Amino acid sequence: MGQANGCCGSRWAPLAARGRGGTAAPRSSGLSDARRALLRRDALADAEPVLSADVQLTRGCKRSERRLLLLQGELVVTKLRPATAPAPGQAGSGCSRALFGQPLAALCGEDGTLPQPIQELLAVLQQEGPSTEGIFRRAASGTALRELREALDHGADVDMGSQPALLLAAILKEFLRSIPCKLLVTELYEDWMAAMQKASREEKIWELRAVAEKLPAANLLLLKRLLSLLRHIGHHAATSRMGCSNLAVCVGPNLLSPANADQLPLEAVLEVTHKEQASSVVL
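The following refers to the structure shown.

## Regarding the packing of helix H8 (residues 217-234) against helix H10 (residues 244-251)
1) Next: One can describe the packing of H8 onto H10 by two numbers: an axis separation of 9 Å at closest approach and a directional angle of 140°. As summarised for this structure, H8 and H10 are arranged oblique, according to the angle between their axes. Read as a crossing pair, H8 and H10 show a hand that is right-handed. Contacts between H8 and H10 involve Leu226, Leu230, Ile233 and Gly234 on the former and, on the latter, Cys244, Leu247 and Val251.
2) Next: Looking at the contact of H8 with H10 residue by residue, the classes come out as 6 nonpolar, 1 polar and no charged.

Written as structure tokens, this is what we have:
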């Protein structure tokens, strides 16, 4: 890990100054509080972090990122600024910010195209998915998944074609889970569920398409690409061992959840998951 004063161009926000044994650090005579704070900040800026962890703070649909550092026995919180675009000649994925946990519209290009890493990932899965047994169901290596996510989040130039299809399927599900308010938009949850209550299949499909038209353009674009991929894989169930129902079970819960999902009892969560899977099959 590099020097603390080079962490994402962040501003230091010490929570508390502690001396040894957890007691408050003694004040130097003749120094104002402001002067002591400046001296302390400079000392922390030159210190090597003992521990470092990036965390996400969530309030409703809004997310913010912070970095926690342990410096000389003091806990410091830094604000992570959006990543800047790679310098000329520096390899990068084309994303100018973290890929995960961001509103989809903010990641799309000015022409409305999906982020380049997601386009490349979908293209590889379109080719390799039908011949990969258990795609979207079998787990990928946890270490490989974490490393690939970090690489994509930092704008690294990742050769998607050299990655295992199971790993790409897992990272796609993680990307879908990380979209604030979900791909199908939490505010439209009741509309999706109401559409699923229609008696006939024709009415159900018509209502689901009507709700889909309410989605932001970026969400609708990714939804169409995703459903096209899943249908393609489902048509090759003989080799992928993943029919449409299996794919819905594995992918559906990542697309939508009610606003109070974390407060629902287990029985309600199971019912919600079943409805989401059913809507994925119909779509």
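Still to come is the rest of the account.
## Quick word on helix H5 (residues 165-178)
1) Next: For H5, which comprises 14 residues, the first-to-last C-alpha distance of 20 Å matches the rise-based estimate of 20 Å (1.5 Å per residue) to within 8%.
2) Next: Burial analysis of H5 places 13 of its 14 residues in the buried class, which makes it a mostly covered element.

## A few points about the nonpolar core
1) Next: Of all hydrophobic cores here, the largest spans 57 residues; its most connected members are Leu125, Phe136, Trp192 and Leu222.
2) Next: Secondary-structure elements contributing two or more residues to this core are helix H2 (104-107), helix H3 (116-128), helix H4 (142-153), H5, helix H6 (189-195), helix H7 (201-212), H8 and H10.
3) Next: Tallying contributions element by element places H5 first for this core, with 10 residues.
4) Next: What Leu125 contacts, discounting residues up to four positions off in sequence, is Pro130, Ile135, Phe136, Ala165, Leu168, Ala169, Leu172 and Leu229.

## Examining the pattern of salt bridges
1) Next: Within the structure shown, the criterion is met by 3 salt bridges.
2) Next: The salt bridge involving Arg177 is made with Glu174; its shortest N-O contact spans 3.8 Å. Residue Arg177 and its partner Glu174 are located together in helix H5, separated by 3 residues, close to a single helical turn.
3) Next: A relative accessible area of 37% places Arg177 in the partly exposed class.
4) Next: Through salt bridges with shared partners, one network takes in Arg149, Glu174 and Arg177.

## Some thoughts on the environment of Leu168
1) Next: Mapped onto the elements of the fold, Leu168 is located in helix H5.
2) Next: Residues Leu168 and Leu148, 20 residues apart in the sequence, show an inter-C-alpha distance of 9.0 Å.
3) Next: Apart from residues lying up to four places away in sequence, Leu168 is in contact with Leu121, Val124, Leu125, Leu148, Met160 and Gln163.

## Some remarks on the packing of aromatic side chains
Each aromatic ring pair is described using two quantities: the centre-to-centre distance and the angle formed by the ring planes.
1) Next: Applying the stated criterion across every chain, the model contains 1 aromatic pair.
2) Next: A ring pair is formed by Phe100 and Phe175, whose centres lie 5.9 Å apart and whose planes are at 80°; its orientation type is edge-to-face. Here Phe175 lies in helix H5 and Phe100 lies in the loop between strand S4 (74-79) and H2, a separation of 75 residues in the sequence. Across this residue pair, the class does not change: Phe100 and Phe175 are buried.

Conventions we followed
- Residues numbered from 1 in each chain as written.
- Predicted model: local features only at pLDDT ≥ 70, side-chain atom pairs only at ≥ 80, totals over all residues.
- Heavy atoms only, no water.
- Axes fitted to C-alpha atoms, helices over the stretch in contact; angles between N-to-C directions.
- Helix = DSSP H or I, 4+ residues; strand = E, 2+ residues; numbered from the N terminus.
- Parallel < 35°, antiparallel > 145°, perpendicular 65-115°, else oblique.
- Left-handed = near helix turned anticlockwise from the far one by under 90°.
- Contact = heavy atoms within 4.5 Å.
- Nonpolar A, V, L, I, M, F, W, Y, C, P; charged D, E, K, R; others polar.
- Expected span 1.5 Å × (residues − 1).
- Buried < 20%, exposed > 50% of the residue type's maximum accessible area, 1.4 Å probe, protein only.
- Core = buried A, V, L, I, M, F, W, Y, C linked by side-chain atoms within 4.5 Å.
- Salt bridge = Lys/Arg side-chain N within 4 Å of Asp/Glu carboxyl O.
- Phe/Tyr/Trp six-rings, centres within 6.5 Å; stacked < 30°, edge-to-face > 60°.

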